[in-house]
Amino acid sequence: RHATSKLPDGDLTDIRTLGFRGEALPSIGAVARLRITSRAESADEAWTLRIEGGVVDGPAPAALAIGTRVEVRDLFYATPARLKFLKSERAESGQSLDTVRRLAMAHPGTAFTVTSNGRTSFRADPAVAGLADADPRLERLAAILGRELSENAIEIDAEREGIRLTGFAGLPTYNRGNAMQQYLFVNGRPVRDKLLNGALRGAYQDFLARDRHPVAALFLDIAPGDVDVNVHPAKTEVRFRDAGLVRGLIVGALRHALAEAGHRASTTVAGAAMGAFQPGSSGAPGLPYAASSGRYSGGLAERGAAYAAAFAPAGLPDMETGSVPAGAMEPASVEALRAHPLGIARAQLHETYIVAQTADGIVIVDQHAAHERLVYERMKAALAERGVTRQGLLVPEVVELDGDGAARVLERTDELGELGLVIEPFGEGALVVREVPAMLGEVDAAGLIRDLADEIADLGQALKLKERLEEVCSSMACHGSIRAGRRLSPDEMNAILRQMEATPHSGQCNHGRPTYVELQLSDIEKLFGRR
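What counts and how
- Residues numbered from 1 in each chain as written.
- Predicted model: local features only at pLDDT ≥ 70, side-chain atom pairs only at ≥ 80, totals over all residues.
- Heavy atoms only, no water.
- Helix = DSSP H or I, 4+ residues; strand = E, 2+ residues; numbered from the N terminus.
- Areas by Shrake-Rupley, 256 points an atom, 1.4 Å probe, with all protein chains shown as cover.
- Phe/Tyr/Trp six-rings, centres within 6.5 Å; stacked < 30°, edge-to-face > 60°.
- Buried < 20%, exposed > 50% of the residue type's maximum accessible area, 1.4 Å probe, protein only.
- Lys NZ or Arg CZ within 6 Å of the ring centre and 35° of its normal.
- Expected span 1.5 Å × (residues − 1).
- Contact = heavy atoms within 4.5 Å.
- Core = buried A, V, L, I, M, F, W, Y, C linked by side-chain atoms within 4.5 Å.
- Salt bridge = Lys/Arg side-chain N within 4 Å of Asp/Glu carboxyl O.
- Axes fitted to C-alpha atoms, helices over the stretch in contact; angles between N-to-C directions.
- Parallel < 35°, antiparallel > 145°, perpendicular 65-115°, else oblique.
- Nonpolar A, V, L, I, M, F, W, Y, C, P; charged D, E, K, R; others polar.
- Pairing = 2+ DSSP bridges.

A. Quick peek at the overall build of the protein. A tally of regular secondary structure across the protein gives 17 helices and 22 strands. Looking at the protein as shown, the accessible area adds up to about 27700 Å², and 50% of this sits on carbon and sulfur atoms.

In structure tokens:
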């Protein structure tokens with residue numbers, strides 16, 4: 001009891017294994033029927049130890065190959081009061097299965113099997129490195145989370161000051177309605193950490209709608225002395241010596257990988273479209289992305305039109321009002337088609353959708369969603385180059401905060417200043433707001449500061465101001481982009497396609513919806529029974 005063997009030389013700052021807490025095994029033996037059978041590599045025979053309701057029997061000789069087997073049966077049989085507070089068998093089994101799944105993701109070279117009531121509910125065979133040139137970690141993740149992940153994942157591999165981040169993250173258009181498919185690991189240990197979850201949210205913040213969540217499995221390797229794994233009894237939370245460095249690494253690595261993905265959209269978009277075409281389809285399938293709510297800040301339409309002129313994609317000609325007959329499209333060579341991933345424009349349907357021919361299929365583009373993303377990315381680039389314009393308050397506003405809220409916000413003075421919010425200390429527990437971002441218009445400065453204080457306390461970072469600025473930019477881009485119902489010439493349609501190919505993140509609009517659907521010729525032939 002209270003003993004542990006996982007600490008080399010008893011060094012609490014150098015924990016490199018996942019072993020049990022010192023009290024865990026005796027506690028399990030006190031409330032259940034526990035049996036441990038083990039054989040060391042150099043031993044001739046195995047030994048077994050039985051503990052039932054805290055009563056120890058053994059050790060005694062046993063038969064076992066090299067290794068250790070731990071069996072726990074009749075959990076809480078010795079403590080009936082605790083037993084009756086267990087949830088349903090399905091709920092308890094689900095939590096156990098989730099724990100094993102996370103361990104299986106972290107250790108792809110180890111086999112895992114879960115059996116419940118004589119039925120195997122989970123099995124993961126060892127992933128072998130070099131098998132069919134596949135990444136063993138991605139193979140294990142795909143086996144657990146589904147094969148769609150391997151088709152729609154971006155590889156992450158970055159290092160900063162001795163901290164390495166690896167893993168896989170889903171394309172923005174491959175998202176979920178909750179955060180259940182976000183898996184984070186620190187030195188092979190599954191964790192649920194606010195800082196890590198906040199960094200993941202920050203990296204995707206202007207690619208997804210608020211109610212959509214990315215899919216990711218990220219593995220952080222850090223020196224044991226730079227992370228404390230003992231801040232939570234279940235060890236699901238950790239604390240970093242330099243939290244800012246870790247968060248910066250995660251956000252930077254994810255955003256770089258997303259930018260490298262360019263205009264790529266998830267294969268699930270095409271799969272959903274094909275499902276809708278199938279005979280007997282009940283209509284729109286359950287798409288893996290959110291539809292736009294259509295709600296934007298009031299008073300932005302006029303400003304959006306002005307921004308559209310300033311940030312229109314280079315090379316996009318003036319709009320024509322005449323219709324575009326299909327015969328006006330000139331034939332393109334195979335070489336020309338292969339040179340352009342999104343193909344050559346062939347037609348415009350319902351003055352809303354651009355149809356383009358690629359080397360081996362077709363692409364259908366939502367002209368409004370696509371142009372909206374192009375305008376938005378150019379606005380962000382301009383803001384990064386010229387900075388955020390500030391507007392001084394005629395009467396500086398004093399904001400009082402409870403506890404150490406003022407201190408938390410003031411620690412971010414430089415960061416907030418870059419976003420156009422200028423603050424200064426104003427006595428104990430208060431600060432004064434002197435300037436705000438001009439693009440926010442009339443703003444509740446006190447409410448904004450209180451939101452920032454709460455967010456910093458919860459996530460260790462101030463995302464809300466940046467999100468509000470990006471939301472305004474997004475709304476301006478929406479109002480200033482080409483609308484559905486606008487007739488386009490062939491040159492205009494091709495200009496949009498070429499700009500999409502050259503613009504990062506153009507595979508989804510600012511609300512997380514896809515901007516285009518790509519259908520392979522083989523898929524289309526299946527619809528007509530040619531294959």
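B. How the structure looks around the packing of aromatic side chains. Considering all chains together, one arrives at 1 aromatic pair under this definition. Ring plane angle 10° and centroid distance 4.6 Å describe the contact between Phe 185 and Phe 219, whose orientation is recorded as stacked. Of this pair, Phe 185 sits in strand E10 (residues 182-186) while Phe 219 sits in strand E13 (residues 216-221), placing them 34 residues apart in sequence. This pair shows no difference in class: Phe 185 is buried, exactly as Phe 219 is. For Arg 176, the ring lying beneath its charged end belongs to Tyr 174, and the centroid distance is 4.7 Å.

C. Seen up close, helix H7 (residues 243-260). For H7, which comprises 18 residues, the first-to-last C-alpha distance of 26 Å matches the rise-based estimate of 26 Å (1.5 Å per residue) to within 8%. Where H7 is concerned, the buried positions are Leu 245, Val 246, Leu 249, Ile 250, Val 251, Ala 253, Leu 254, Ala 257 and Leu 258. Each element contacted by the buried residues of H7 is listed here: strand E7 (153-160), strand E8 (163-170), helix H6 (194-203), E13 and strand E15 (239-240). Gly 262 lies just past H7 and shows a positive phi near 60°.

D. Main features of the nonpolar core. Counting residues in hydrophobic clusters, the biggest one holds 37 residues, and the most contacted among them are Val 186, Leu 196, Leu 218, Phe 240 and Val 246. Looking at this core, the elements that each hand over two or more residues are E7, E8, E10, H6, E13 and H7. A per-element tally of this core places H7 first, with 9 residues. Residues in contact with Leu 218, not counting those within four places in the same chain, are Ile 156, Leu 165, Thr 166, Phe 168, Tyr 183, Leu 184, Phe 185, Leu 200, Ile 250 and Leu 254. In this structure, Met 105, Val 114, Ala 153 and Tyr 183 belong to the second largest nonpolar core, which totals 21 residues.

E. Spotlight on the pattern of salt bridges. Applying the stated rule across the entire model yields 17 salt bridges. For Asp 404, the salt bridge goes to Arg 408, with nearest N and O atoms at 2.5 Å.

F. Fine view of the packing of helix H3 (residues 89-106) against helix H4 (residues 136-145). The interhelical angle for the contact between H3 and H4, taken along N-to-C directions, is 160°, at an axis separation of 8 Å. By the criterion of interaxial angle, the relationship of H3 to H4 is roughly antiparallel. Between H3, through Arg 101, Ala 104 and Met 105, and H4, the contact on the second element is made entirely by Arg 140, Leu 141, Ile 144 and Leu 145. Taken together, the residues of the contact of H3 with H4 break down into 5 nonpolar, no polar and 2 charged.

G. Region of interest: the sheet that holds E13. Spatially, the 5 strands line up as an open sheet ordered E7-E8-E13-E10-E11, and their pairing is mixed. Only two strands of the sheet have a single partner each, and these edge strands are E7 and strand E11 (189-191). Ignoring strand direction, the axes of neighbouring strands in this sheet form an average angle of 20°. Summarising the sheet, E7 and E8 pair through 8 bridges and their orientation is antiparallel. From the neighbouring strand, Ile 156 faces E8, where its bridge partner is Gly 167. Strands in contact with H4 are E8, E10 and E13; relative to E8, the strand with the most contacts, it is inclined by about 40°. With respect to the sheet, H6 is in contact with E10, E11 and E13, its orientation differing from that of E10 by roughly 130°.

H. Molecular detail of the environment of Leu 171. Mapped onto the elements of the fold, Leu 171 is located in the loop between E8 and strand E9 (175-176). Judged by relative accessible area, Leu 171 falls into the buried class, the value being 1%. Expressed as a C-alpha distance, the spacing of Leu 171 and Val 215, which sit 44 residues apart in the sequence, is 8.1 Å.

I. Quick look at the side chain of Arg 373. Looking at where Arg 373 falls in the secondary structure, it is placed in helix H11 (residues 367-386). Residue Arg 373 is classed as buried on the basis of its relative accessible area, which comes to 0%. Among all residues touching Arg 373, those that are not within four sequence positions of it are Asp 206, Phe 207, Lys 380, His 505, Ser 506, Gln 508, Cys 509 and Asn 510.

J. Just the sheet that holds strand E2 (residues 46-52), in detail. If you walk across this open sheet you meet the 4 strands as E3-E2-E1-E4, and the pairing is antiparallel. One side of each edge strand has no neighbouring strand; the edge strands of this open sheet are strand E3 (55-62) and strand E4 (67-73). Strand after strand, the sheet turns through a mean of 10° between neighbouring axes, direction not considered. Where strand E1 (residues 33-39) and E4 come together, 7 bridges link them in antiparallel fashion. When the sheet's bridge partners are listed, Ile 36 is paired in E4 with Val 70. Each of E1, E2 and E4 is contacted by helix H1 (residues 24-31), which is oriented at about 135° to E1, the strand it contacts most.

K. Looking closely at helix H16 (residues 490-502). Relative to the 18 Å expected for 13 residues at 1.5 Å per residue, H16 spans 19 Å between its end C-alpha atoms, a close match to the ideal helical length. Those residues of H16 lying buried are Glu 492, Met 493, Asn 494, Ala 495, Ile 496, Leu 497, Gln 499 and Met 500. Buried residues in H16 make contact with strand E16 (344-349), strand E17 (353-358), strand E18 (361-366), H11 and strand E22 (516-520).

L. Spatial organisation of the environment of Ala 124. Turning to its location among the elements, Ala 124 is positioned in strand E6 (residues 119-124). Residue classification places Ala 124 among the buried positions, given a relative accessible area of 5%. It is 6.4 Å that separates the C-alpha atoms of Ala 124 and Thr 113, two residues lying 11 residues apart in sequence. Here Ala 124 is in contact with Thr 110, Ala 111, Phe 112 and Arg 140, once residues within four sequence places are set aside.

M. Inspection of unusual backbone geometry at higher detail. Residue Pro 59 is bonded to the preceding Gly 58 through a cis peptide linkage, with omega at 10°. Relative to the elements of secondary structure, Pro 59 occurs in strand E3. In this structure, His 505 takes a positive phi of about 70° despite not being glycine. You can see His 505 is positioned in the loop between H16 and E22.

N. Focus on the environment of Leu 521. Relative to the assigned elements, Leu 521 resides in helix H17 (residues 521-527). The spacing of Leu 521 and Asp 360 is 161 residues in sequence and 5.6 Å in space, taken between C-alpha atoms. Sequence-distant contacts of Leu 521, that is, excluding residues within four places in its chain, are made with Asp 360 and Gly 361.

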